[in-house]
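What follows is each chain in one-letter form.
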Amino acid sequence: MSETTKENRKYEKPLPEFRPETKPYWEACKRHELVLPRCKACGNVFFYPRALCPNCMSQDLEWIKASGKAKVWTFSIHHMGPTPAYKGEPPYVVAIVETQEGVKMMTNIVNCKPEDVRIGMDVEVVFDDVTPEVTLPKFQPASV
Amino acid sequence: MASSIPRVEEAREILKKHKIVIAGIGETEQGKIPNKSSFQFLSEASKLAIEDAGIKKEDVDGLVTAFSLVEQTFMHCTTFADYFGLRPRYFSSVAIGGATAVWMVAEAAMAIASGQADVVLCVRGDNTLSGISSSGMVALIREMCHTEFEFPYGLTTPGGYALAAQRYLYEYNARQEHLAAVAVTMRKHAALKPNAMHKEPLTIEDVINSRVIAAPLHKYDCSIISDGGAAFIVTTEEKAKSLGIQKPLVYLWGMGEGYSHQYLTSLKNLDQIYNAIETSGQRAFKTAGVGPKDIDVAFLYDCFTITVLLELEGLGFVPKGEAGPFALEGRLEIGKDLPVNTHGGLLSQAHLGAMHHVVEATAQLRGEAGPRQVKDAEVALVHGNGGIVSAHSTIILGKQPLS
């Protein structure tokens, strides 16, 4: 549940495989920046990143810096993980948060007890450098 | 009757004209059967359905299959045609997760109505419980969510449904018992179904006290995994008569699909799911010219308890937020307001998508459901759901031709 997991132990949980159109997102995460794609034609901010706007099909897209602030829309305390790498791990929180920009993201709520997570709770982004190549944006209870 | 659903009157005329029927059903043993392959289950189920209809294999000129989670093939329908020794004029594989079985009926109907085939064998079978490898299971879970933006957070399949369930409990002040009541009813029904995998009695407390898988879903909120096969034969009334089929025919009255999302990340709100269920149901209802009150027995996709509540509400059987108390009052049981999944469903009978839902709906309308028979069952609804309440399909079946 720590923010960064830079132990010597190999990280064996699922990792994202980057696509050409999503690479800038992951590169920003590595710099500990949360960015979101926005369509320059219609102004739509969307998630997950795609090669074109799912609203108007425009390919004229830009990356905007996200506020990093969000609210928990729903969550589930997982007592079983999807791969053997989760065996023996304590329960963890998988959540969908709605960011201030209005998009939904799947994430983990960290740095708080799973039983304290509530729908509507204010959360803020925190970056977890799970491997030298991959940083996963996660969320923790908002400090303010 | 004017309707805002595009071309629904035309669909109704097509079904009235062709009188599409289910004329044969087959179900193998279900459960843990370690000595049979995926293609053996497909073959055995097909043979049973052909024998049930009392036709010859050569009479089958269309084939609709689904997919296998164990023996994954690039071209499932033709791989099975080869194995089974069938030379179909029409062949297709439907792969929309839990919405598949219901849509196989529609796929067959469309093939028949457009002159591509006359007698379509629809079959699914798999040795999912005994045959799937642990890497195959991981691949399956990964398939259910976005590999890049969801899977790295450890989302599981029950977890995806748990996310929907948590939001449902929050928005409608529903309780754990409301979910549990669905599992309890399915178990009661399974006790009456000879090939059901789980028949031992289950109480609300048993469900709530069972192991948490992904809160708020417990072990008994989750469907079972099983080995087995099931099949049905779709044809027309005219063809069935010319082939001398003696079994009571069950008529297709309506069908529809509804799309919400693929990945939960793309879900805007709970209403988006309700709208997809409603879209699917309304097209089927309007085509059939009936409404929720006309349904004598319903078969709702029950991969997790939450889906039954969402479907009861989305299809218009009860208002939003009221399915939980409805289930808790036992009103989904045989002999009550709306008997649901009289065979025990995915929660207690077996898991082969909605194949058994279609087979049992047919058995009910034939009057062949034995101790599970819903008295005077004339009209049945079957609803399938694929993904994480993402893709929906509905059919309505009648004991009489559509008039």
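A look at the overall build of chain B
Line of reasoning, step 1. The secondary structure content of chain B amounts to 15 helices and eleven strands.
Line of reasoning, step 2. Relative to the compact-globule value of 22 Å for 403 residues, chain B shows a C-alpha radius of gyration of 20 Å, a close match.
Line of reasoning, step 3. Counting across all 403 residues of chain B, residues that qualify as buried make up 62%.
Line of reasoning, step 4. In chain B, 78% of the contacts between residues at least 6 apart in sequence involve partners at least 24 apart.

Comments concerning the overall build of chain A
Line of reasoning, step 1. Scanning chain A for helices and strands turns up one helix and seven strands.
Line of reasoning, step 2. Along chain A, helices and strands appear, N-terminal first, in the series α-β-β-β-β-β-β-β.
Line of reasoning, step 3. By the compact-globule yardstick of 15 Å for 144 residues, chain A fits well, its C-alpha radius of gyration being 16 Å.
Line of reasoning, step 4. Seen along its three principal axes, the alpha-carbon backbone of chain A occupies a region of about 50 × 30 × 25 Å.
Line of reasoning, step 5. The 144 residues of chain A split such that 31% are buried.
Line of reasoning, step 6. Nonlocal contacts in chain A, meaning residues at least 24 apart in sequence, comprise 53% of its contacts between residues at least 6 apart.

Observations concerning the sheet that holds strand β10 (residues 379–386) of chain B
Residues and elements named next belong to chain B.
Line of reasoning, step 1. Pairing within the open sheet is mixed, and its nine strands lie in the order β3-β2-β4-β7-β1-β8-β11-β10-β9. A single partner strand is all that each edge strand has here, and the edge strands are β3 (90–93) and β9 (297–300). Averaged over all neighbouring strand pairs, the angle between strand axes comes to 25 degrees, with direction disregarded.

Structural notes on helix α1 (residues 8–18) of chain B
Residue and element names in this part refer to chain B.
Line of reasoning, step 1. Restricting attention to buried positions, one finds in α1 the residues V8, A11 and L15. For α1, the buried positions fall inside an angular range of 55 degrees around the axis, keeping them on one side. Structural note: α1 exposes E10 and K17 on the side pointing more than 90 degrees away from its buried face.
Line of reasoning, step 2. Next to the buried residues of α1 lie β1 (20–27), β8 (250–259) and α11 (270–288).
Line of reasoning, step 3. Downstream of α1 by one or two residues, K19 has phi in the positive range, about 45 degrees.

Focus: the interface of chain B and chain A
Line of reasoning, step 1. Facing 27 residues of chain B, the contacting portion of chain A comprises 32 residues.
Line of reasoning, step 2. Those elements that provide at least two residues to the side of chain B that touches chain A are α6 (134–143), α7 (157–172) and β5 (212–214) of chain B.
Line of reasoning, step 3. Of the residues forming the side of chain B that touches chain A, the biggest block, six residues, is contributed by α7 of chain B.
Line of reasoning, step 4. A per-class count over the side of chain B that touches chain A returns 16 nonpolar, eight polar and three charged.

Comments concerning the environment of Q262 of chain B
All names here are of chain B.
Line of reasoning, step 1. For Q262, the location among the structural elements is in the loop between β8 and α11.
Line of reasoning, step 2. Distance in space between the C-alpha atoms of Q262 and M144 is 8.5 Å, their sequence separation being 118 residues.
Line of reasoning, step 3. Excluding anything up to four places from it in sequence, Q262 contacts G387 and S390.

Some words on the confidence of the model for chain A
Line of reasoning, step 1. Per-residue confidence for chain A gives a mean pLDDT of 94, with 93% of residues at or over 70.
Line of reasoning, step 2. pLDDT under 50 marks residues 1–6 of chain A. Its contacts with residues more than four places away, or in other chains, come to twelve contacts.

Details of the packing of α11 of chain B against helix α12 (residues 305–314) of chain B
The description of two helices packed together rests on the angle between their axes and the distance between the axes.
All names here are of chain B.
Line of reasoning, step 1. Where α11 meets α12, the closest approach of the two axes is 8 Å, and the angle between their N-to-C directions is 60 degrees. Taken together, the axes of α11 and α12 lie oblique to each other. Of the two possible hands of crossing, α11 and α12 adopt the one that is right-handed. Residue-level inspection shows I273, Y274, I277, E278 and G281 of α11 in contact with α12, the latter providing L310, E311, E313 and G314.
Line of reasoning, step 2. Within the contact of α11 with α12, the residues separate by chemical class into four nonpolar, two polar and three charged.

What about the packing of α1 of chain B against α11 of chain B?
All names here are of chain B.
Line of reasoning, step 1. Interaxial distance between α1 and α11 falls to 8 Å at its minimum, and their mutual angle equals 55 degrees. Taken together, the axes of α1 and α11 lie oblique to each other. As for the relative orientation of α1 and α11, their crossing is right-handed in sense. Residues V8, A11, R12 and L15 of α1 form the contact with α11, whose own contacting residues are R283, K286 and T287.

Considering the nonpolar core
All names here are of chain B.
Line of reasoning, step 1. One finds V105, V120, C122, V234 and A380 to be the most contacted residues of the largest nonpolar core, which totals 172 residues.
Line of reasoning, step 2. Here the element with the most residues in this core is helix α4 (residues 100–113); it accounts for ten residues.
Line of reasoning, step 3. Not counting chain neighbours up to four residues away, the residues in contact with V105 comprise C122, V234, L252, V358 and I395.

A short note on the confidence of the model for chain B
Line of reasoning, step 1. Averaged over every residue, the pLDDT of chain B is 97; the share at 70 or more is 99%.
Line of reasoning, step 2. Note on the complex model: pTM 0.97, ipTM 0.95.

As for helix α3 (residues 76–84) of chain B
All names here are of chain B.
Line of reasoning, step 1. Along α3, the residues that are buried comprise H76, C77 and F80. Each buried residue of α3 lies within a common arc of 95 degrees when the element is viewed along its axis, so the set occupies one face.
Line of reasoning, step 2. Residues of α3 that are buried sit in contact with α2 (38–53), β2 (62–65) and β3.
Line of reasoning, step 3. Residue G85 follows α3 closely and has a positive phi angle near 75 degrees.

Notes on the pairing of strand β4 (residues 92–99) of chain A
Residues and elements named next belong to chain A.
Line of reasoning, step 1. Among the eight residues in β4, six count as buried, and that is most of the element.
Line of reasoning, step 2. In terms of strand pairing, β4 meets strand β5 (residues 104–108) through five bridges, oriented antiparallel. Pairing of I96 across the sheet is with M106, part of β5.
Line of reasoning, step 3. As consecutive antiparallel partners, β4 and β5 are separated by four residues, and within that stretch G102 has a phi angle of approximately 95 degrees, a positive value.

Some remarks on the environment of E313 of chain B
All names here are of chain B.
Line of reasoning, step 1. Here E313 is to be found in helix α12.
Line of reasoning, step 2. According to the C-beta neighbour criterion, E313 is buried, with 24 such atoms within 10 Å.
Line of reasoning, step 3. Put simply, E313 and V21 are 292 residues apart on the chain and 28 Å apart in space, counted from C-alpha to C-alpha.
Line of reasoning, step 4. Apart from residues no more than four positions distant in its own chain, E313 is found in contact with Y274, V318, P319, K320 and A323.

What counts and how
Residues numbered from 1 in each chain as written. Chains lettered and ligands numbered in written order. Predicted model: local features only at pLDDT ≥ 70, side-chain atom pairs only at ≥ 80, totals over all residues. Helix = DSSP H or I, 4+ residues; strand = E, 2+ residues; numbered from the N terminus. Rg over C-alpha atoms; globule rule 2.2 N^0.38 Å. Buried ≥ 20, exposed ≤ 12 C-beta atoms within 10 Å, placed from the backbone. Contact = placed C-beta atoms within 7 Å. Pairing = 2+ DSSP bridges. Axes fitted to C-alpha atoms, helices over the stretch in contact; angles between N-to-C directions. Arc of directions from axis to C-beta. Nonpolar A, V, L, I, M, F, W, Y, C, P; charged D, E, K, R; others polar. pLDDT = per-residue confidence, 0-100. Parallel < 35°, antiparallel > 145°, perpendicular 65-115°, else oblique. Left-handed = near helix turned anticlockwise from the far one by under 90°. Core = buried A, V, L, I, M, F, W, Y, C linked by C-beta atoms within 7 Å.

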